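Inside the fold
So the chains spell out like this:
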Amino acid sequence: MNTVVASAGKWDKVEFYTSYFLMLVLLSVLGMRLGFDGVWQMPKIDLALSIIALLLVIGSFWFARHNRRLRLCIIAFASATQLVPMVIREPVLLFPLLGALIPVAILVGCLMALSKKGRSGGPPLGS
């Protein structure tokens, strides 16, 4: 039973650090996009959404540090603020994004399966 608790604790750390890494990546993407606004003017709605997403991502390091659901919602919102306006303006970009979604879906499925590994009462299989 002790290995089950230890295994769950390890995967909680993996999820914690993964979400923080995703927030750092989003922070760099948002920062670069806003930095290039001086060179290539963004539409006002994109600028407003990017600033809101940047503030949420920066703030989430403090107010979402103990709430996984809130961290994931902020990551989803910040990602959507960058992808949705782009696809609305250029619908042809949807095809490469759908192609990129396949390995992401596989990765998410694997991470979900690994996070549930060992949570049942029995011994973990294959370890």
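First, a word on scope: everything that follows refers to the structure included in this document. (Residues numbered from 1 in each chain as written. Predicted model: local features only at pLDDT ≥ 70, side-chain atom pairs only at ≥ 80, totals over all residues. Heavy atoms only, no water.)

1. Observations regarding the environment of S19
Spelled out, the test is: The way it works is that DSSP assigns letters per residue, a run of H or I at least four long becomes a helix, a run of E at least two long becomes a strand, and they are numbered from the N terminus. For this analysis, residues touch if any pair of their heavy atoms sits within 4.5 Å.
Residue placement: S19 occurs in helix α1 (residues 2-35). For the pair S19 and R68, spaced 49 residues apart in sequence, the C-alpha separation works out to 8.3 Å. Apart from the residues within four sequence positions on either side, S19 is in contact with R71 and I75.

2. Some words on helix α4 (residues 94-116)
So the rule is basically this: Here a helix's expected span is defined as the number of its residues, less one, multiplied by 1.5 Å. Take the seven residues that end at a residue and the seven that start at it, fit an axis to each, and the angle between those axes is the bend at that residue.
Its 23 residues give α4 an end-to-end C-alpha distance of 32 Å, which sits within 8% of 33 Å, the value for a rise of 1.5 Å per residue. If you look at α4, its biggest bend is around 25°, right at I102, and the proline P103 turns up within four residues after that.

3. A short note on the packing of aromatic side chains
Quick reminder of the rule: Within 6.5 Å between ring centres, the rings of Phe, Tyr and Trp (the latter by its six-membered ring) count as paired, and their orientation is classed by plane angle as stacked under 30 degrees, edge-to-face over 60, tilted in between. Residue burial is assigned from relative accessible area. The probe radius is 1.4 Å, only protein chains are included, and a residue is buried under 20% of its type maximum, exposed over 50%, and partly exposed in between.
The tally for this structure, following the rule as stated, stands at two aromatic pairs. Between the aromatic rings of Y20 and F61, the centroid separation amounts to 5.4 Å while the plane-to-plane angle is 35°, which identifies the pairing as tilted. A residue pair is termed long-range when its members are at least 10 positions apart, and Y20 in helix α1 and F61 in helix α2 (residues 44-63) qualify at 41 residues. For Y20, a relative accessible area of 14% translates into the label buried.

4. Brief notes about helix α3 (residues 68-89)
Heads up, the rule is: Think of a polar contact as two N or O atoms within 3.5 Å of one another; within protein, one of them needs to be a possible hydrogen donor and the other a possible acceptor, and neighboring residues in sequence only count if both atoms come from side chains.
Between the first and last C-alpha of α3 there are 32 Å, a value that for 22 residues agrees with the 32 Å anticipated at 1.5 Å per step. R71, I74, I75, A78, T81, Q82, P85 and V87 are the residues of α3 that are buried. N-cap assignment for α3: the residue whose side-chain oxygen lies 3.3 Å from the backbone N of R69 is N67.

5. Digging into a nonpolar patch on the surface
For clarity, the threshold we go by: Patch membership requires more than 30% relative accessible area and the absence of a salt bridge. Residues of like charge join within 9 Å; the nonpolar side chains Val, Leu, Ile, Met, Phe, Trp and Tyr join within 5 Å. Shrake-Rupley sampling with a 1.4 Å probe provides the accessible areas, and residues are treated as covered by the protein chains on show and by no other component. Counted as salt bridges are all cases of a side-chain nitrogen of Lys or Arg within 4 Å of a carboxyl oxygen of Asp or Glu.
A cluster of nonpolar side chains, V92, L94, F95, L98, L101, V104, V108 and M112, forms an exposed patch at the surface whose accessible area comes to about 750 Å². Within the secondary structure, L98 sits in helix α4. L98 sits in the partly exposed class, given a relative accessible area of 44%.

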